[in-house]
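Below, each chain spelled out in residue letters.
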Amino acid sequence: MTKAVIAATGLFTPDQSISNAELVAAYNAWAERWNADHAAQIAEGDVDALTPSSVEFIEKASGIKSRFVLDKAGVIDPARMAPNIPERPNEELSVMAEMAVKAAREALAAWGKPASEIGAVLCAASNMQRPYPAMAIEVQQALGIEGFAFDMNVACSSATFGIKTAADFIASGSVKAVLMVNPEICSAHLNFKDRDSHFIFGDVATAVIVESADQAGPGGWDIVGTRLKTVFSNNIRNNFGFLNNAAPEGIGAPDKMFVQQGRKVFKDVVPMVSDMIVDHARELGLEPTGLKRLWLHQANINMNEMIGRKVLGRDPDADENVIILDAYANTSSAGSIIAFHLRQDGIAAGETGLICSFGAGYSAGTVFVRKR
């Protein structure tokens, strides 16, 4: 079967960013107003007063210091606490497609080949702007690509599942090159009124071009092996969907946005992912302790550091276990790809690294790559 290569990557970063201090100020102003409005119920013991957030709490819990967003004003407005992203006419490029196209154009420029050589487009993300037509087909149209395109959603693991899918298309001979994009507008599904999660997510888009090794130019990364895993769990969930229209009493409820039980997720996911990485590496004949770099899903610094220790058998240094969530926050499927895109320096030909994602489902994906 034909080997696959990660030939190029691209990144679109919004031009607006929110610091922890700005986010905390907005949340605390909203919480103070809520407590005042519910003072009688709080005094009677019917409801609990909301606890203020803090910069220290956020950084200790997550390692996040800021996040990029499409709309800052709406998020930090205590009267709104949500981004303001107006709908566009059907004749205009949709918001998610526009982000994906910008990331894709950067990847295409790095690739140095025309978009016409792409045979398939995958849009792999945690949320889609609409059910149909597929975002991937809109991106395909905007870039002038023939062939086929479709959307796929495996939450935070969507990018690694997308790379695996692209590599399989190439192995089967279906296409010679695949564009996989990950547009994530995570601020739109985040409950900024929830102290335990209001700081988690940011917005971004990434793109990856996977092509056949027999036509790839110099550079890039050989895909050594891919593995996917899913285990059902309700500990990360979002119940928003088309059936909400059939049960209007639930519209706007907290469960129609991102909800997680963080401690349970940590306890379940860290050993699952660590064991998966080690087992997959050894199946490929690789010694996990010898991996040159880990580009993990950027969920939480404590999770990433613990997975890094378990895989490498020691405390990894900053060059080995890449952390970019301090500036980007959790960007769902895009996180590991941002890390990979930004931190490929210092790796020699023949050295091996790991792109890994994990998240809701539970889902996890491992993509071992070797520098060409």
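Quick summary incoming for the structure in this document. These numbers were taken from a predicted model, which means no experiment stands behind them. (Residues numbered from 1 in each chain as written. Predicted model: local features only at pLDDT ≥ 70, side-chain atom pairs only at ≥ 80, totals over all residues. Heavy atoms only, no water.)

**Structural notes on the overall build of the chain**
Alright, step 1. Scanning the chain from terminus to terminus reveals eleven helices and 13 strands.
Alright, step 2. For the chain, whose C-alpha radius of gyration is 21 Å, the value lies close to the compact-globule estimate of 21 Å for 372 residues.
Alright, step 3. When its C-alpha atoms are laid out on the principal axes, the chain stretches across 70 × 55 × 35 Å.
Alright, step 4. Here the chain holds 372 residues, and the buried ones make up 51% of them.
Alright, step 5. The long-range fraction of contacts in the chain, counting pairs at least 24 apart against all pairs at least 6 apart in sequence, stands at 77%.
Alright, step 6. Of the roughly 16,100 Å² of accessible surface on the chain, 52% is carried by carbon and sulfur atoms.
Alright, step 7. For the chain, the distance from the average site of its 33 positive side-chain charges to the average site of its 43 negative ones is 6 Å. (Helix = DSSP H or I, 4+ residues; strand = E, 2+ residues; numbered from the N terminus. Rg over C-alpha atoms; globule rule 2.2 N^0.38 Å. Buried < 20%, exposed > 50% of the residue type's maximum accessible area, 1.4 Å probe, protein only. Contact = heavy atoms within 4.5 Å. Areas by Shrake-Rupley, 256 points an atom, 1.4 Å probe, with all protein chains shown as cover. Lys, Arg positive; Asp, Glu negative; His and termini not counted. Charge placed at Lys NZ, Arg CZ, Asp CG, Glu CD.)

**Observations regarding helix H6 (residues 135-143)**
Alright, step 1. Every buried residue of H6 is accounted for by Met 135, Ala 136, Glu 138, Val 139, Gln 140 and Leu 143.
Alright, step 2. Contacts made by the buried residues of H6 are with helix H5 (95-111), strand S4 (120-124), strand S5 (148-152) and strand S6 (177-185).
Alright, step 3. Among the residues trailing H6, Gly 144 stands out with phi positive, at a value near 70°.

**Brief notes about the packing of aromatic side chains**
Alright, step 1. Considering all chains together, one arrives at ten aromatic pairs under this definition.
Alright, step 2. Here the aromatic rings of Phe 148 and Phe 150 are separated by 6.5 Å at their centres, their planes lie at 5°, and the arrangement is stacked.
Alright, step 3. According to the relative accessible area criterion, Phe 150 is partly exposed, its value standing at 28%.
Alright, step 4. Residues Trp 221 and Trp 295 carry aromatic rings whose centres are separated by 5.4 Å and whose planes lie at 85° to one another, so their mutual orientation is edge-to-face. (Phe/Tyr/Trp six-rings, centres within 6.5 Å; stacked < 30°, edge-to-face > 60°.)

**Section: the pattern of salt bridges**
Should the charged atoms of two oppositely charged side chains come close, the side chains can pair.
Alright, step 1. Taken as a whole and assessed by the stated rule, the structure comprises 17 salt bridges.
Alright, step 2. The salt bridge involving Lys 113 is made with Glu 211; its shortest N-O contact spans 3.1 Å. With Lys 113 in the loop between H5 and S4 and Glu 211 in strand S7 (residues 203-212), this pair connects stretches of sequence that are 98 residues apart.
Alright, step 3. Residue Glu 211 is classed as buried on the basis of its relative accessible area, which comes to 2%.
Alright, step 4. Among the charged side chains, a salt-bridge network with shared partners connects Arg 293, Asp 319, Arg 343 and Asp 345. (Salt bridge = Lys/Arg side-chain N within 4 Å of Asp/Glu carboxyl O.)

**What about the sheet that holds S5?**
Alright, step 1. One open sheet accounts for nine strands, arranged S5-S4-S6-S7-S1-S8-S13-S12-S11; its pairing is mixed. Lying at the two open borders of the sheet, with one neighbouring strand each, are S5 and strand S11 (293-296). Neighbour-to-neighbour, the strand axes of this sheet turn through a mean angle of 25°, independent of strand direction.
Alright, step 2. In terms of strand pairing, strand S1 (residues 4-12) meets S7 through eight bridges, oriented antiparallel. Counted as the bridge partner of Thr 9 is Val 208 from S7.
Alright, step 3. Contacting S4, S5 and S6, H6 crosses the sheet at an angle of about 140° to S5.
Alright, step 4. Strands in contact with helix H8 (residues 262-283) are strand S8 (221-230), S11, strand S12 (352-359) and strand S13 (363-371); relative to S13, the strand with the most contacts, it is inclined by about 40°. (Pairing = 2+ DSSP bridges. Axes fitted to C-alpha atoms, helices over the stretch in contact; angles between N-to-C directions.)

**Observations regarding the state of the cysteines**
Alright, step 1. With the rule as written, the count across this model stands at zero disulfides.
Alright, step 2. Not engaged in a disulfide, the cysteine Cys 123 finds its nearest cysteine sulfur in Cys 186; these two sulfurs lie 12 Å apart.
Alright, step 3. Cys 186 carries a free sulfur, and the closest cysteine sulfur to it, the one in Cys 156, is 7.1 Å from it. (Disulfide = S-S within 2.5 Å.)

**Focus on the pairing of S12**
Alright, step 1. Burial analysis of S12 places eight of its eight residues in the buried class, the great majority of the element.
Alright, step 2. With burial as the criterion, each face of S12 is covered, one bearing Thr 352, Leu 354, Cys 356 and Phe 358 and the other bearing Gly 353, Ile 355, Ser 357 and Gly 359.
Alright, step 3. As defined by bridge partners, S11 adjoins S12 across four bridges and the pair is classed as parallel. The residue bridging Leu 294 from the neighbouring strand is Leu 354, located in S12.
Alright, step 4. Counting the residues between successive antiparallel strands, the hairpin from S12 to S13 contains three residues, one of them, Gly 361, with a positive phi of roughly 140°.

**So, the side chain of Thr 366**
Alright, step 1. By the secondary structure assignment, Thr 366 is in strand S13.
Alright, step 2. Only 2.7 Å separates the side chain of Thr 366 from the side chain of His 280, close enough to count as a polar contact.
Alright, step 3. Non-local contacts of Thr 366, meaning those with residues more than four positions away in its chain, are made with Gly 225, Thr 226, Arg 227, Met 276, Ile 277, His 280, Leu 354, Ile 355 and Cys 356. (Polar contact = N/O pair within 3.5 Å; in protein donor to acceptor, adjacent residues only side chain to side chain.)

**Considering the packing of H8 against helix H9 (residues 301-312)**
Alright, step 1. At a minimum axis separation of 9 Å, H8 and H9 run at an interaxial angle of 35°. Relative to H9, H8 is oriented so that their crossing is right-handed. Residues Phe 266, Val 269, Val 270, Val 273, Ser 274, Ile 277 and Val 278 of H8 form the contact with H9, whose participating residues are Asn 302, Met 303, Met 306, Ile 307, Lys 310 and Val 311.
Alright, step 2. Each residue belonging to the contact of H8 with H9 can be placed in one class, and the counts come to ten nonpolar, two polar and one charged. (Left-handed = near helix turned anticlockwise from the far one by under 90°. Nonpolar A, V, L, I, M, F, W, Y, C, P; charged D, E, K, R; others polar.)

**Observations concerning the nonpolar core**
Alright, step 1. Counting 48 residues, the largest nonpolar core has Val 273, Ile 277, Leu 296, Ile 307, Val 311, Leu 354 and Phe 358 as its most contacted members.
Alright, step 2. Of all the elements, H8 adds the most residues to this core, at nine residues.
Alright, step 3. In contact with Val 273, not counting residues within four places along its chain, are Ile 307, Cys 356, Phe 358 and Ala 364.
Alright, step 4. Ile 6, Ala 159, Ala 167 and Trp 295 belong to the second-largest nonpolar core, a separate cluster that totals 37 residues. (Core = buried A, V, L, I, M, F, W, Y, C linked by side-chain atoms within 4.5 Å.)

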